[in-house]
Amino acid sequence: MRTVNLESQKNGTMSKAKEKSAKKRVVEEDDDQLPIFDKDVTEKKAGEEDDADLSDSEESVFSGLEDSESDSHDEEEDAEEGDDEEDDDDAVILDEILTKSSGVETATEPPATDKNTPTDIRNTVGNIPMEWYQDYPHIGYNLDGKKIFKPIRNKDELDEFLDKMENPDYWRTVHDKTTASDIRLSDEQVDLVHRLQKGQFGDVNFNEYEPSVDFFTNEVMIHPVTNRPQDKRSFIPSLIEKEKVSKLVHAIKMGWIKPRKPKETTPQYYDLWAKEDPNAILGRHKMHVPAPKMRLPGHEESYNPPPEYLLTEEERMAWEQQDAEDRKLPFLPQKHSCLRAVPAFSRFIHERFERCLDLYLCPRQRKMRVNVNPEDLIPKLPKPKDLQPFPTTMSLVYIGHSSLVRSISASPTGQWLVSGSDDCTVRFWEVNTGRCMKTLEVGGAVKSVAWNPNPAVCLVAVCFESTVLLLNPGLGDRLVVSSTDQLITSYEPPEEDKEQAVTWALSEGPEHDNGHRLTLTHPKAVKQVVWHGKGDYLASVMPDNSSNLQVLIHQVSKRRTQNPFRKNKGLVQCVSFHPLRPYFFVATQRYVRVYNLIKQELTKKLMTNCKWISSMAIHPGGDNLICGSYDCRLAWFDLDLSTKPYKMLRHHKKALRGVAYHKHYPLFASGADDGSVIICHGMVYNDLLQNPLIVPVKVLKGHQITHDLGVLDVTFHPTQPWVFSSGADATIRLFT
Amino acid sequence: MGGLQKKKYERGSATNYITRNKARKKLQLSLADFRRLCILKGIYPHEPKHKKKVNKGSTAPRTFYLFKDIRFLLHEPIVRKFREYKVFVRKLRKAYGKAEWTGVERLRDNKPGYKLDHIIKERYPTFIDALRDIDDALSMCFLFSTFARTGKCHVQTITLCRRLTVEWMNYVVTSRSLRKVFLSIKGIYYQAEVLGQLITWLVPYQFAHDHPTDVDYRVMATFTEMYTTLFGFINFRLYQTLNLVYPPKLDSKAESELKAEHEEDYAMDSESYLEKLSALSASLARVVATAEEEENQLDLFPTEGENMQAREKEQKEQEAQKRLFEGLKFFLNREVPRESLAFILRCFGAEVSWDKSLCIGGTYEVTDETITHQIVDRPDMDKQYINRYYIQPQWVFDSVNAQMRLPVEDYFLGTTLPPHLSPFVEEKDGDYVPPEKLKLMALQRGEKPGKSRAELDSEEEDEEEEDEEEEEEDDEEEDDVDDEELTEEKNLKKMEGTRVTPGKVKPWETGSVGNKVRLEQEEKAEEKRLAIMMMKKKEKYLYDKIMFGKKRTTREVSSLRCAPAKPTRHITCHHSKVQT
């Protein structure tokens, strides 16, 4: 066992006229056989003085100093540093190797030449920072345990400088911090330093270029190296290998391992459609809907479009505010002065991607494009000119009412017209002159007026509030007037007085002079009165959803009243008598019921498909019926045909208020809130196989719309093709 | 008593459709694979007539496929390949995880691939079918060939697309089948007529793409995969029809000419070859060396008579268009889009060259004295040759669309260009025709011979313009007459504030004859109005729709006609004329 203590010391010496730093290192080497040089410098051992049993024979490799100096040193110090201590200026790594003896050689003391005497004053404190002793007078302890004292005076910069100037050996002097002494390096040591600086071996005698000795010969020898016979197993095939091979063979046999595929030899592209076999076309191919092609660009997509295709400032603003889906153009038309100014289109990839999505995500459908001429859609109807006569122009306006005129009625001779208005008056007009012959004040807003259709009787039924008034206007033939009065006065009350729903009262005094003849006081408000064709019967309507007493039929000659219905079938809108046969029509909100008055049963129920019926009129033939409704429709029923409308006419823009048939001409009229009266030609044939012909022939306008109400009632002249209409503008107009 | 009770949704339309999710489960594919399969096989969803019935009473929005389609997909061999690929990826991942490098190598060697040949054949049983559907393929390949090789898709795809598009362009050049071109703000539209099919495609301008993030590139890549296969087969067939060698080879003569000194700049021979091909300046090698092109005369069938003559005339016009630029020598300045211009010019028989530093394949220099046109897109040039026109690129595009060499004066260096019109718009009567188009049509009819136009006096031009204006007015009047037949014309008139509306003629202004006419018209209009009232509901709806569309178009036309920018254009026209 051998220990080498390496101590490198950092001293403030000048080597090559430079201050060098060196570290004192202690390296212990525990190997005596192999020249392994323990470079673990971090491992530092403090105990360095105990190496008495040094054998210096192996040391020669490592330290050149020992050879030259002495072999019998108790302790050797060796330094071999390949450390990475570097200096900026000349990058010289300097390691100081100090022997113990050289350590003795201080500047002040002569070197102790005697080798046996332990004049070692080496410090025993170990490798510690020497600053710890800064405040003490001593610097450590020698082997004997005595203090080693610091020199009296520390060198300062000036001393250093002077020393540098004066001392010729300054450059080979290093400062030992542990002993606080300067050491002058010997020639050998300096030489060693120089050699190490040059990168040479420390030992002068070491030959780096020794001839190499082959460890193994390169010649092939015929004899084995050993004489040992070969193992048996080297002659027998390996079982493990056999197993592996057989597995592979099995896998190949079974087709699990496939030989590497040869490279594809067929070209990437070839004539795919060389043999076009029509039989190979799948049936589904015939059903295939090819994707529509992209839309071709128009002028507005040009990089330099005509200026009219560019958007104005407002249009651009509108475009920017729209959603992307709502935009008519998916891009903003732009104008560039030249081709080089055209930028890339930022949505190019987007558009292509959207096209891809369309191709595989959109359902495809063959849509039959309707390619019709709109003119062909218009039905071919007979010309209105050929269907004359019908009213075409407004010829008279009857002015006098101060409020809306609810109802009008013409006398059976066609000479007079009666109108009832919301200003609580009933006015009688002469048709041809427009003169107001008579004005009667009644006790409420007049809801309905009806002139007795019997030409031999001059009676007008007027209803307001809960009263129905029978008037004798005293117009026309005196004979008729007087005979009417006679008719009324000739009434003889029956013996037994039956309880009736209404009270009949004969008017007398001034009322009689005004023309009042009979007053029928109803229990409820009356909305409509209507005469039977013969002129003896009169029906009044008291709309009430909750009772069965809604319709009353009065007989004027016998002053009798009866309630024909036992059950409430809904709110009654209007009623009407059949012109020829004993039928009675009752229009509720959605249906029209036809009752047979003799058999007292329901004959028919007509579905109007309307939401709310407003008015109704019966064809003079009695087989057809029209219904006006508040939802702008007019339904024509052919009673022989069906209970559903034969025709639905949606001519008006607003709610219908009144409908009427002409007595002789094939005409019917409808008035509505849009202020217009539409005259239609409605021809009914005697031949049952031929359906009625309905042709609109004229739209008559004239009424002003007041309070969203237009025409309130229409009625035809009994003999002429003229039509009267009353409106919310307090006028009555005659169209001829 | 009685049979089994019939259950709902077990027959009829409910069984003919299948929802997407169910279809996916039936095919045992992931959604991505299902999408891929649908794209490749061309399966698209169907909209059932009664959605609620099909949806088993539910009204939830679902995508429906025809059950037949899905059954058809079941037999597709490519489905197996998809599964194999999935397994391959799994194995590979495992091998990587275990660091079995030999295993990885082996797996990679046996990577399952698939071919789409049979699908193409199945989807397009005849060649014409395929050709009809190539529009999207072309646009897509042209787009992909402009992508940078930065990982949006495989580099091989990009190079393949580039190769195919170059082949296509070479074919179009050789067959001279280009018909129309259009410079739009999106890119350049081309339309070619190949074997009787009109094929339109869009090529983006040469810029780097700003790749959007909300685009699924996998979908695009799948489409491209299908399109490249289709496109390659079509190219092969097209080359065959022209007796050209496929893959294309340059003419031996041209090749020797093109042995440029820049050859060594290219690392690979194939690369430089593709570049040379894409330069489009040389003709292609043919399988059988023939004379350029023999004139194929139409056989005369005497029976057809007029029809025949018309056809012959058409043929002649087409031939003339093919030779539009024949005999001209162009030089492209470096700021113009080289590829598109070289492509167009070569399609119409011109010789074209460019600066050597711009691209390989330029055949002559700027200094060549025989150059007739130089295409320039800059405001001014220092050195100009006297014997050539310096024109802007729009001249080429407009000339192609007009099928004649337009007068070059409007397109000179630095002049304000006339508007570039779309050749794809075919105006029906009643549509708005821009005045430039009218002018062009007059030019085509030979009313204003191009050469002599410069010599015309400005007065004459003014007169002509007046004439044109008058014509326009006439048109308007005619339109008005047409419009009068429409009943709802009054509303329209209100919208067109500036136009003079034909008001009601007062009886004392016109004679009794005019009055009668007016009356008759009114009567007719009323008749029509009344007849419209009697229309059935369904027909009325349809009629209203048609009339609405008509009204809209007339409104648009009128708004275009009285666009505020119109007078300024006249000024610019004059301006350019003064310059010439």
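Residues numbered from 1 in each chain as written. Chains lettered and ligands numbered in written order. Predicted model: local features only at pLDDT ≥ 70, side-chain atom pairs only at ≥ 80, totals over all residues. Heavy atoms only, no water.

Regarding the overall build of chain B
Argument step 1. The number of helices and strands found in chain B is 23 helices and nine strands.
Argument step 2. Every one of the 580 residues in chain B was classed for burial, and the buried ones make up 43%.
Argument step 3. Of the contacts made within chain B by residues no fewer than 6 positions apart, 62% connect residues no fewer than 24 positions apart.
Argument step 4. As presented, chain B carries roughly 32700 Å² of accessible surface, and 51% of it is formed by carbon and sulfur atoms. (Helix = DSSP H or I, 4+ residues; strand = E, 2+ residues; numbered from the N terminus. Buried < 20%, exposed > 50% of the residue type's maximum accessible area, 1.4 Å probe, protein only. Contact = heavy atoms within 4.5 Å. Areas by Shrake-Rupley, 256 points an atom, 1.4 Å probe, with all protein chains shown as cover.)

Observations regarding a positive patch on the surface
Residue and element names in this part refer to chain B.
Argument step 1. On the surface, R83, K86, R90, K91, R93, K94, K98 and R106 cluster together to form a positively charged patch.
Argument step 2. The leading source of residues in the positive patch is helix α6 (residues 77-97), at six residues.
Argument step 3. Along the chain, the position of K98 falls in the loop between α6 and α7 (101-109). (Patch = residues over 30% accessible without salt bridge, like charges linked within 9 Å, V, L, I, M, F, W, Y side chains within 5 Å. Salt bridge = Lys/Arg side-chain N within 4 Å of Asp/Glu carboxyl O. Lys, Arg positive; Asp, Glu negative; His and termini not counted. Charge placed at Lys NZ, Arg CZ, Asp CG, Glu CD.)

Let's talk about a negative patch on the surface
Argument step 1. On the surface, E313, E314, E315 and E320 of chain A cluster together into a patch of negative charge.
Argument step 2. Tracing the backbone through its elements, the reader meets E313 of chain A in helix α7 (residues 313-321).

What about a nonpolar patch on the surface?
All names here are of chain A.
Argument step 1. A grouping of L248, I252, M254, W256 and I257 is seen on the molecular surface, where their side chains present a nonpolar patch of about 540 Å² in accessible area.
Argument step 2. Positionally, W256 belongs in the loop between α5 (239-254) and α6 (283-287).
Argument step 3. Residue W256 is classed as exposed on the basis of its relative accessible area, which comes to 57%.

Describing the interface of chain B and chain A
Argument step 1. Across the contact, 110 residues belong to chain B and 84 residues belong to chain A.
Argument step 2. In total, about 8400 Å² of surface goes out of reach between chain B and chain A, with carbon and sulfur atoms giving 64% of it.
Argument step 3. By the criterion of area lost to chain A, the three top residues of chain B are I185, K186 and M534 of chain B, representing 10% of everything that side buries.
Argument step 4. Applying the counting rule to chain B against chain A returns 11 salt bridges.
Argument step 5. D271 of chain A is the partner of R237 of chain B in a salt bridge, and the nearest nitrogen-oxygen pair spans 3.3 Å.
Argument step 6. For the pair chain B and chain A, the number of links is 30 residue pairs in polar contact (both at pLDDT 80 or more).
Argument step 7. Here the element with the most residues in the side of chain B that touches chain A is helix α12 (residues 217-241) of chain B; it accounts for 14 residues.
Argument step 8. The residue makeup of the side of chain B that touches chain A, split by class, is 63 nonpolar, 16 polar and 31 charged. (Buried area = accessible area lost by both parts, 1.4 Å probe. Polar contact = N/O pair within 3.5 Å; in protein donor to acceptor, adjacent residues only side chain to side chain. Nonpolar A, V, L, I, M, F, W, Y, C, P; charged D, E, K, R; others polar.)

Some words on the UniProt feature "repeat: WD" (unreviewed entry) in chain A
Argument step 1. Here the UniProt-annotated "repeat: WD" (unreviewed entry) positions come out as residues 398-439 and 704-736 of chain A.
Argument step 2. Measuring from the first to the last C-alpha atom of residues 704-736 of chain A gives 19 Å, for a span that is 0% helix and 48% strand. (UniProt positions renumbered as here; feature names shortened; annotations may be inferred.)

Considering the packing of aromatic side chains
Argument step 1. Counting across every chain of the model gives 42 aromatic pairs over all chains.
Argument step 2. Between F325 of chain B and F330 of chain B the ring centres are 5.6 Å apart and the planes differ by 70 degrees, which places this aromatic pair in the edge-to-face class. F330 of chain B shares its class with F325 of chain B; the two are buried.
Argument step 3. In this structure an aromatic cluster arises from ring pairing among F142, W168, Y171, Y190, W201, F231, F236, Y239, Y246 and F343 of chain B.
Argument step 4. One Lys or Arg, K605 of chain A, reaches over the ring of Y591 of chain A and ends 4.3 Å from the middle of that ring. (Phe/Tyr/Trp six-rings, centres within 6.5 Å; stacked < 30°, edge-to-face > 60°. Lys NZ or Arg CZ within 6 Å of the ring centre and 35° of its normal.)

Notes on the environment of T159 of chain B
All names here are of chain B.
Argument step 1. Here T159 lies in helix α11 (residues 155-175).
Argument step 2. Residue class for T159 comes out partly exposed when judged on its relative accessible area of 30%.
Argument step 3. Here the alpha-carbon distance between T159 and R149, two residues 10 residues apart in the chain, equals 9.3 Å.

Side note on the sheet that holds strand β20 (residues 583-588) of chain A
Residue and element names in this part refer to chain A.
Argument step 1. Overall, antiparallel pairing links the four strands, which are arranged β19-β20-β21-β22 in an open sheet. Looking at the sheet topology across the chains shown, the edges are occupied by β19 (572-577) and β22 (601-607). Mean inter-strand twist for the sheet, computed between neighbouring axes without regard to direction, equals 20 degrees.
Argument step 2. Here five bridges tie β20 to strand β21 (residues 591-596), and the two strands are oriented antiparallel to one another. Across the sheet, V586 pairs through a bridge with R593, a residue of β21. (Pairing = 2+ DSSP bridges. Axes fitted to C-alpha atoms, helices over the stretch in contact; angles between N-to-C directions.)

Overview of the environment of T157 of chain B
Residue and element names in this part refer to chain B.
Argument step 1. Within the fold, T157 resides in helix α11.
Argument step 2. In this structure the C-alpha to C-alpha distance between T157 and E225, which are 68 residues apart in sequence, comes to 7.8 Å.
Argument step 3. Look past the residues within four positions of T157 in its chain and what remains in contact with it is F144 and T224.

Overview of the sheet that holds strand β31 (residues 711-716) of chain A
All names here are of chain A.
Argument step 1. One open sheet accounts for four strands, arranged β5-β33-β32-β31; its pairing is antiparallel. Because the sheet does not close on itself, it has two edges, and the strands there are β5 (394-399) and β31. Averaged over neighbouring strand pairs, the angle between their axes works out to 20 degrees when direction is ignored.

Examining the pattern of salt bridges
Argument step 1. In this structure the tally under the stated criterion is 41 salt bridges over all chains.
Argument step 2. One salt bridge in this structure joins R633 of chain A and D631 of chain A, with 3.6 Å as the shortest N-O distance. As far as the burial class goes, R633 of chain A and D631 of chain A line up, both buried.
Argument step 3. A salt bridge links R334 of chain B to D355 of chain B, with the shortest nitrogen-to-oxygen separation between them at 3.6 Å. Placement of R334 of chain B in the loop between β6 (329-332) and α16 (338-347) and of D355 of chain B in the loop between β7 (351-354) and β8 (373-375) is noted, with a sequence separation of 21 residues between them.
Argument step 4. Its relative accessible area of 47% is what places R334 of chain B among the partly exposed residues.
Argument step 5. The class of D355 of chain B is partly exposed, set by a relative accessible area of 26%.

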